[in-house]
Amino acid sequence: MKYVLVTGGVVSGLGKGVTASSIGLILKACGLRVTSIKIDPYLNTDAGTMSPFEHGEVFVLDDGGEVDLDLGNYERFLDIKLTRDNNITTGKIYQSVTDKERKGDYLGKTVQVVPHITDAIQEWIERVAVIPVDGEDGPADVCVIELGGTIGDIESMPFIEALGQFSYRVGAGNFCLIHVSLVPVLNVVGEQKTKPTQHSVRGLRSLGLTPNIIACRSTTALDDNVKEKLSRFCHVPVDNIITLYDVSNIWRVPLLLRDQKAHEAILKVLNLDGVAREPALGEWTSRAELCDMLHEPVRVAMVGKYTGLSDSYLSVLKALLHSSVACRRKLIVDWVPASDLEDETAKENPENYRSSWNLLKGADAVLVPGGFGDRGVEGKILAAKYARENRIPFLGICLGMQIAVIEYARSILGLQDANSTEFDPNTQNPCVIFMPEGSKTHMGGTMRLGSRRTYFQVRDSKSAKLYGNQSFLDERHRHRYEVNPDMVQQFEDAGLSFTGKDESGRRMEIVELPNHPYFIGIQFHPEFKSRPGKPSAVFLGLIAAACGQLESLLKKGEAVTNGFTNGTSVENVHQVGNGTTANGNGSFDGIYCNGNGVHV
């Protein structure tokens, strides 16, 4: 097994996750089998109980693991299926060591960070690295490990010590360290400054790790004299200093690595240069080149609670993106804070109220993503009502499905106090209830999590057709509440169709309005399995409906169980307005926002 470690220096948010994903992709393009591990040096056992404002979205895996969003990047770039153990946290490591100590496995020894914690980290890496994640038998050829945080962080120290020992133990030729660092450009003099990277590498070396390759984040390509200076002071060959400068879209990052022959440097360090082929990135290159060529827009209103940080909905954005590309449209996402649609905001902040409603009314489609808590719920209900009454394509995910059911109960069934017991435990008409098997005392890992099977009940429904007329589908879940099965007949008698249910028939998975152009709610999270070139079926349906392409899509039968293949696809999200930018040219990997979202 060969290992590639990606570390970060100077500041956080340099894009280590995208860099690690791009490294994995280019090695895969060289004919190697690749797996990935993300190390998060926080004490949480997993990301499941963390607020999206703290750490971005919680990405859910097939096995129910609630993990860091970077594992979503790995899955999308490499088209693999990872496990919960591919995300290592300080909490998991310390828990495993403490459990062993309680059992007496250390035979009376004093349990210490070195060697017990550091040994546990190394054992975890070796165990997980051999788990197949690409559907083939046997271990991968290369494991790409990303160490979260920044070199010098106190919480990372046990991992750095463990990885230093690990690099020595696996030996030269089996371990490659890539250090991602910042080379800022001072506007006053326009000079690329190497000192931050020098200090970062010096700190890394003092901790027992020596970089083989330095990937420098900068606004522009590094000057030759800057590379030579870094080479001299950091003891890294000039050819092994790579510039990750700002590009128009995220798909150009692997091409930057390829064009600078980063793969050759990595393969040389790992003694694989005679084994691997030249990277085959033809489709990826086409995607990157087409990225800026989509001009006809499709506008989607994203009505959510966490619109202040677009990373909270990263997988949803990517799924919308994959679908808009398949429909050959430029995606424009308007962030609509759900609470701004409510009557209370009309009194307290009429300007925000008007602005949010104008965004909603100007959209070609409305999407209400998942979420927790009661803030903004009434605004989401109003958004669903607007889409239903005005025949605007609508997709509700998880909580978005539940609020669509609540709205229908209030507006069509006349149950004015209809609600979820999550928001009103005493409601007389509980449309959405707590799942019987859920825990009300423990939060972490107690939801309905991971891949579950949904069986179609109505074969002539839009959702069944979008999924290729399969009898069932497997999608990932993350929820504690569900539609009240005792009220289902009442809803169906009033025209609402529950077209997908679980194997028991009592858990509602998909709801549709048959007489609406496109009004679908889903209890699962299909965004987690959407891939470039293979977008999620229901996201594809939403965008197709917004573009007037749904009927032809359903007729052609081109939707398949896990998405849609439409030749070469591109990734090019545009979000309007004046949001904070990350790369100095007005975009985040081609993403623009309307002032409410920030993309890191």
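Up top is the structure.
Since the model is a prediction, treat every value here as computed from it, not as a measurement. (Residues numbered from 1 in each chain as written. Predicted model: local features only at pLDDT ≥ 70, side-chain atom pairs only at ≥ 80, totals over all residues. Heavy atoms only, no water.)

Visitor: Residues and numbers for a positive patch on the surface, please.
Guide: The grouping of Lys195, Arg202, Lys229 and Arg232 at the surface amounts to a positive patch. Of all the secondary-structure elements, those providing two or more residues to the positive patch are helix 7 (195-206) and helix 8 (224-234). Structurally, Lys195 is set in helix 7. Using a relative accessible area of 47% as the deciding quantity, one classes Lys195 as partly exposed. (Patch = residues over 30% accessible without salt bridge, like charges linked within 9 Å, V, L, I, M, F, W, Y side chains within 5 Å. Areas by Shrake-Rupley, 256 points an atom, 1.4 Å probe, with all protein chains shown as cover. Salt bridge = Lys/Arg side-chain N within 4 Å of Asp/Glu carboxyl O. Lys, Arg positive; Asp, Glu negative; His and termini not counted. Charge placed at Lys NZ, Arg CZ, Asp CG, Glu CD. Helix = DSSP H or I, 4+ residues; strand = E, 2+ residues; numbered from the N terminus. Buried < 20%, exposed > 50% of the residue type's maximum accessible area, 1.4 Å probe, protein only.)

Visitor: I'd like a rundown of the sheet that holds strand 7 (residues 175-182), residues and numbers included.
Guide: Within the open sheet, the seven strands sit side by side as 5-2-6-1-7-10-11. Their pairing is parallel. Edge strands, defined here as strands with exactly one partner in the open sheet, are strand 5 (87-89) and strand 11 (241-245). Between one strand axis and the next, the sheet turns by 20° as a mean value, whatever way the strands run. Against the sheet, helix 3 (residues 70-78) touches strand 2 (34-40), strand 5 and strand 6 (142-147), its axis set at about 170° to strand 2. Packed onto the sheet, helix 8 meets strand 10 (213-218) and strand 11 and runs at close to 130° relative to strand 11. (Pairing = 2+ DSSP bridges. Axes fitted to C-alpha atoms, helices over the stretch in contact; angles between N-to-C directions. Contact = heavy atoms within 4.5 Å.)

Visitor: Could you give an account of the nonpolar core, naming the residues involved and the relevant values?
Guide: If you look at the biggest cluster of nonpolar residues, it comprises 51 residues, and the most contacted ones within it are Val4, Ile23, Leu27, Phe77, Ile178 and Ile266. It is helix 1 (residues 16-29) that provides the largest number of residues to this core, a total of seven residues. For Phe77, the contacting residues outside a window of four places in its chain are Val18, Ser21, Ser22, Leu25, Ile250, Trp251, Pro254 and Trp284. (Core = buried A, V, L, I, M, F, W, Y, C linked by side-chain atoms within 4.5 Å.)

Visitor: Any details on the pattern of salt bridges? Residues and values, ideally.
Guide: Scanning the entire structure with this criterion turns up 33 salt bridges. Where Asp62 meets Arg476, a salt bridge forms, and the shortest distance between an N and an O atom there is 2.7 Å. Taken together, the positions of Asp62 in the loop between strand 3 (59-60) and strand 4 (66-67) and Arg476 in strand 19 (residues 472-479) put the pair 414 residues apart, joining distant regions of the chain. Overall, the relative accessible area of 0% leaves Arg476 in the buried class. One salt-bridge network, held together by shared partners, links Asp62, Glu75, Asp79, Lys81, Arg476, Arg531 and Lys534.

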